[in-house]
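Each chain, written out:
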Amino acid sequence: MTHPIENRVPRRVRGRNRVAGLTAAALAAVAALAGCGAIPGTVNPVADQEFSSPLAIPPLADSRVVDGTRVFELTAQEGTSSFLPGVETTTWGFDGAYLGPTLRAERGERVAVEVTNDLRATTSVHWHGMHLPAAMDGGPHQEVDPGATWRPEWEIDQPAATLWYHPHPHGTTEEHVYRGLAGMFILDDDASRAATLPQEYGVDDVPVIVQDKRIGNDGELELGNDGGEPGTLGDVVMTNGTVGAFHDVTTERVRLRLLNGSTARTYDLGFEDRDVDVVATDGGLLEAPVPAPSVRLAPGERAEVVVRMQPGETLRLQSFEVDLGGVAVPFAMGGNDAFDVLELRAASTLAPSPAPSWEPSSHAADDELHEADATVTRKFELNDRSINGKEMDMSRVDDVVTVGNTEVWEVRSSQPMPHSFHVHDVQFQILTVDGKAPPATLAGRKDTIYLEPQRTYRLLLRFEDYADPETPYMYHCHMLLHEDQGMMGQFVVVEPEDDRQVGQLPDGSQHGEHDHGAAPAEGSGPDLTAVSGHGGHG
Ligand code: C2O
Ligand code: CU
Ligand code: CU
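Anyway, here's the lowdown on the structure attached to this text. (Residues numbered from 1 in each chain as written. Chains lettered and ligands numbered in written order. Predicted model: local features only at pLDDT ≥ 70, side-chain atom pairs only at ≥ 80, totals over all residues. Heavy atoms only, no water.)

1. With respect to empty space enclosed by the protein
- On inspection of all chains with the given rule, the structure shows 5 cavities of 30 Å³ or more.
- Approximately 80 Å³ is the volume found for the second largest cavity.
- Taken together, 13 residues make up the lining of the second largest cavity; nearest its centre are Ala160, Leu187, Ser192, Arg255 and Arg257.
- Of all elements in the fold, only strand S11 (183-188), strand S16 (253-260) and strand S19 (284-292) reach the threshold of two or more residues within the lining of the second largest cavity. (1 Å grid on protein atoms, 1.4 Å probe; cavity = no way out; pocket = protein on both sides within 12 Å on 5 of 7 lines; lining within 4 Å. Points joined across faces, edges and corners; volume = space filled by probe spheres on them. Helix = DSSP H or I, 4+ residues; strand = E, 2+ residues; numbered from the N terminus.)

Dropping the structure here:
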């Protein structure tokens, strides 16, 4: 009943192993649900993994500045990758066969991206974590047809952070990301540049996109969409598209920009014998470095960690069994597995690098959120493949938010099942988890949060700058099968004088390719403090 990835490497069991405590019947049910067990017909390359391939570093994207706007180009295309020796795999990438270049821009800059779709499928490109107008967001309402180019443009107006980009086409996001469409988008600001942190891209400041795949005997990616939980769990783990990667370290400290770019699997990343300094989460730098044995990342989440190395040593970044916070969960989106992810090889002499530290950004006061400012509380209950009892409907507005408002969102997975809750446009703050302050590593800004089952997360969010009553932003589970199957809702941000209600999007608003049949505009006059259980199921 164990997933084949288990037991390949030394594991550090952190707390009670919940699976071990289950009865045989429960285990059988879990295996059926999880669709794990031995996967027939798949190769098993990680079993005696050698970390002998240099880590691919996504190139920094070229850009040109036109009339004060920094313009990038990205082309989604099909290609061939060789993840396993001698095995060719059809993949998708931006400007290449797999993944995409790292975009990089500065707070205050105006940017544009010319996104061209050379695939045969309609796609989109969403700027995950970015504060920007809804029409530029790249969600399911901004799909790009084959052969078309889409050119969003916006001003970078948020703290330095490790963001990312990936497709968001309605109902097929899992497939597009799984095939390889994803990349990092790094934002800089004065505070981040002045910080005492490793900053040499690809050398001591290293992007690490962690993903897992299933590769069939024919060499092709297998998308295990048998409808089971939790989506596709692969037995091939890769970083930046490199299986069994190592990175040569030449400095005493190395900064890893960790992105969980998997569609389903949750990781708990750390080292066997030492803590890391967690320096940033989704939305940017923490107040100060937080030493931690590991960081748990659900799909879509990021963390920047700094690890200290000794001359000449070899160290492996591992994914440990996920600590579920004491909640009994039969399976945790791959969280029961433990395995190695990336090898770091320190040179025999290392250049000195001082301990991480930084001054708060000069914008810090503006960026601060205050619970006392919150005027609205909303509740979001994640259940089956729905949120508040509703499955995603492209033509339905689920929430109307007034621009400039600060709100509290109470989010809960009501079943014994974790989710990864993500909100577009904003970087929120976690006020409490089941009434208690969040751990220090979750006290910074976030746009995606692992929801431990049956716990209530109170989030503080402020919706600034961009009102557009016709174009919604999304909130959803970032376990992409869940998202595709309906665990997503839409909110519009409107001007204060706009008395719009929840219901149907107005005529003439942007729509994607797919026709989803209009939902009746019921439940006007939303009760903002109650779970709005109205609205039909798909
Ligand atoms: Cu990273 Cu709505 O997505
Ligand atoms: Cu997003
Ligand atoms: Cu989910």
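Don't stop here, the text continues.
2. Regarding unusual backbone geometry
- Phi is positive for asparagine 240, close to 55°, though the residue is something other than glycine.
- Mapped onto the fold, asparagine 240 is located in the loop between strand S13 (236-239) and strand S14 (242-243).
- For asparagine 240, a relative accessible area of 6% puts it in the buried group.
- Its identity is not glycine, yet aspartate 425 carries a phi of approximately 75°, on the positive side.
- Structurally, aspartate 425 can be placed in the loop between strand S29 (419-423) and strand S30 (428-433). (Buried < 20%, exposed > 50% of the residue type's maximum accessible area, 1.4 Å probe, protein only.)

3. Things to note about the coordination of the copper ion (ligand 2)
- At the metal site, the copper ion (ligand 2) is ligated by His126 (NE2) and His422 (NE2), and these contacts range over 1.9 Å. With histidine 126 in strand S7 (residues 126-128) and histidine 422 in strand S29, the pair connects residues that are 296 residues apart, well separated along the chain. In this pair, the class of histidine 126 matches that of histidine 422, namely buried. (Donors = N, O, S within 2.8 Å, 3.2 Å for Na, K, Ca; no water.)

4. Quick word on the layout of surface pockets
- Estimated volume of the largest pocket: approximately 980 Å³.
- The wall of the largest pocket is formed by 37 residues, among which Pro159, Ala364, Asp367, Glu368 and Arg445 lie closest to the centre.
- Elements that contribute at least two residues to the lining of the largest pocket include exactly helix H3 (190-194), S19 and helix H4 (364-367).
- By residue number, the principal contributor to the lining of the largest pocket is S19, which donates 6 residues.
- Put simply, the second largest pocket is a space of about 580 Å³.
- What lines the second largest pocket is a set of 31 residues, among which Arg296, Pro439, Thr441, Leu442 and Glu452 lie closest to the centre.
- Only strand S18 (276-281), S19, strand S20 (294-297), strand S21 (302-308) and strand S32 (448-451) provide two or more residues apiece to the lining of the second largest pocket.
- With 4 residues, the single largest contributor to the lining of the second largest pocket is S20.
- Residue composition of the lining of the second largest pocket, by class: 16 nonpolar, 4 polar and 11 charged. (Nonpolar A, V, L, I, M, F, W, Y, C, P; charged D, E, K, R; others polar.)

Functional significance is not addressed by these values, which are geometric in nature.
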